[in-house]
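Structure assessment
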Amino acid sequence: MKLYSKFKEDFYNFLVGFFMGSANVIPGVSGGTMLFIMGAFNKLVDTLRTIGSLETVKMVFKGDFKALYHRIDWRFLLFLVIGVLFSFATLAKLVVYLLNEHAEPTRAFFFGLILASIITVNHQIKKWTVPAGISLVAAGIAAFAIISLVPVNTGNAWYTMIICGAISIIAMILPGLSGSFLLLILGQYDRVWNAVGNVARLKLSFDDISMIVLLIIGCILGLGAFVHLLNYLMKNFESITIAALIGFMLGSLPRIWPFQHADLSSIVLQKGKPVATRIVYDMPQSFDGKTLFTILCAIAGLGLVMGIEYYAKKVRKNQEQ
């Protein structure tokens, strides 16, 4: 019975990693939101804080690996990482393809995901207060300002990859802030996720591997600098922090509104590539089969997150019992 319970817990952590990784591939959708919905956000933050603590560093230098093993929840991290890597191997290149070739229904699906995520994360706030409301509005304005930025080409220098890794990993664990969207703004989205997809499927090349190594270094540095602050905010200002995360999600919604197009009059050249500096948000011009399919994709995204939340609540209830 105990073995079966462990298996269920491991499989659930794998699913958390899979959904987290899947969300992180999508511009505008946050892997941290999936963590929050599935009840693993605080656990991951606590685990990362423990890994980056002074006590852990002392254990490493003393060679006290037995105490280190018992101090950190390695089993949770292992199955979480396996789930993330599996999602990268199976979905990374597919999502890039869908965004390029079938933009409207793909964005609609992601729009439904975020809309449902706002509803589910809101359940985490025990009581709305004036400071929480101010936090929500400020974060929403900040997120909208970020999504209004024009994509830039930041180049391929080694330090650029480290900076991209640090920025993206912070966004990827924060509910409401999309690491992939920041990669899109930095002009690195296609390059990064194509490389991750190649390596995850064992299509290895020196350029892809070296870039991913630099991104990992950036991720480690970014997490090390940020996770303690995040843990402090969640422990001492939980409602205000969660309200800010909801604000980030609300502010980012326009970026993945299904019906949009680039303003051709705003296109400028950046390093020889045409980039639109303004996006026009539309409403459907006619209610045809394509529009109906797009709406159904949004409903499917919303239903998926609601289903995940229902399943997560059921699992947590069984674990408590």
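1. Focus on the packing of helix 11 (residues 189-200) against helix 12 (residues 206-236)
- Across the interface, helix 11 lies against helix 12 with an axial gap of 9 Å and an inter-helix angle of 110 degrees. In terms of orientation, helix 11 and helix 12 fall into the roughly perpendicular class. Of the two elements, helix 11 crosses helix 12, and the hand of that crossing is left-handed. Counted together, Arg191, Val192, Ala195, Val196, Asn198 and Val199 of helix 11 and Asp208, Ile209, Met211, Ile212 and Leu215 of helix 12 form the full contact between these two elements.
- A class-by-class count of the residues in the contact of helix 11 with helix 12 yields 8 nonpolar, 1 polar and 2 charged.

2. A look at the nonpolar core
- One finds Leu35, Leu44, Trp193, Leu230 and Ile246 to be the most contacted residues of the largest nonpolar core, which totals 77 residues.
- Sort the elements by how many residues they give to this core and helix 12 lands first, with 9 residues.
- In this structure Leu44 touches Met20, Leu35, Phe76, Leu77 and Leu80, once residues within four positions along its chain are discounted.

3. A closer look at a nonpolar patch on the surface
- A cluster of nonpolar side chains, contributed by Leu202, Leu204, Ile209, Val213, Ile217 and Leu221, occupies part of the molecular surface with about 570 Å² of accessible area.
- Within the secondary structure layout, Leu202 lies in the loop between helix 11 and helix 12.

4. Regarding helix 11
- In this model, helix 11 (12 residues) spans 16 Å end to end at C-alpha, consistent with the 16 Å of a helix rising 1.5 Å per residue.
- Buried residues of helix 11: Tyr189, Val192, Trp193, Ala195, Val196, Gly197 and Asn198, and no others.
- Leu202 occupies a position one or two residues after helix 11 and carries a positive phi of about 65 degrees.

5. With respect to the confidence of the model for the protein
- The predicted model of the protein averages 79 in pLDDT, with 87% of residues at 70 or higher.
- Confidence, read as mean pLDDT per element, is least for strand 2 (residues 267-270) in the protein (57) and greatest for helix 8 (residues 130-147) (88).

Calculation notes
Residues numbered from 1 in each chain as written. Predicted model: local features only at pLDDT ≥ 70, side-chain atom pairs only at ≥ 80, totals over all residues. Heavy atoms only, no water. Axes fitted to C-alpha atoms, helices over the stretch in contact; angles between N-to-C directions. Helix = DSSP H or I, 4+ residues; strand = E, 2+ residues; numbered from the N terminus. Parallel < 35°, antiparallel > 145°, perpendicular 65-115°, else oblique. Left-handed = near helix turned anticlockwise from the far one by under 90°. Contact = heavy atoms within 4.5 Å. Nonpolar A, V, L, I, M, F, W, Y, C, P; charged D, E, K, R; others polar. Core = buried A, V, L, I, M, F, W, Y, C linked by side-chain atoms within 4.5 Å. Buried < 20%, exposed > 50% of the residue type's maximum accessible area, 1.4 Å probe, protein only. Patch = residues over 30% accessible without salt bridge, like charges linked within 9 Å, V, L, I, M, F, W, Y side chains within 5 Å. Areas by Shrake-Rupley, 256 points an atom, 1.4 Å probe, with all protein chains shown as cover. Salt bridge = Lys/Arg side-chain N within 4 Å of Asp/Glu carboxyl O. Expected span 1.5 Å × (residues − 1). pLDDT = per-residue confidence, 0-100.

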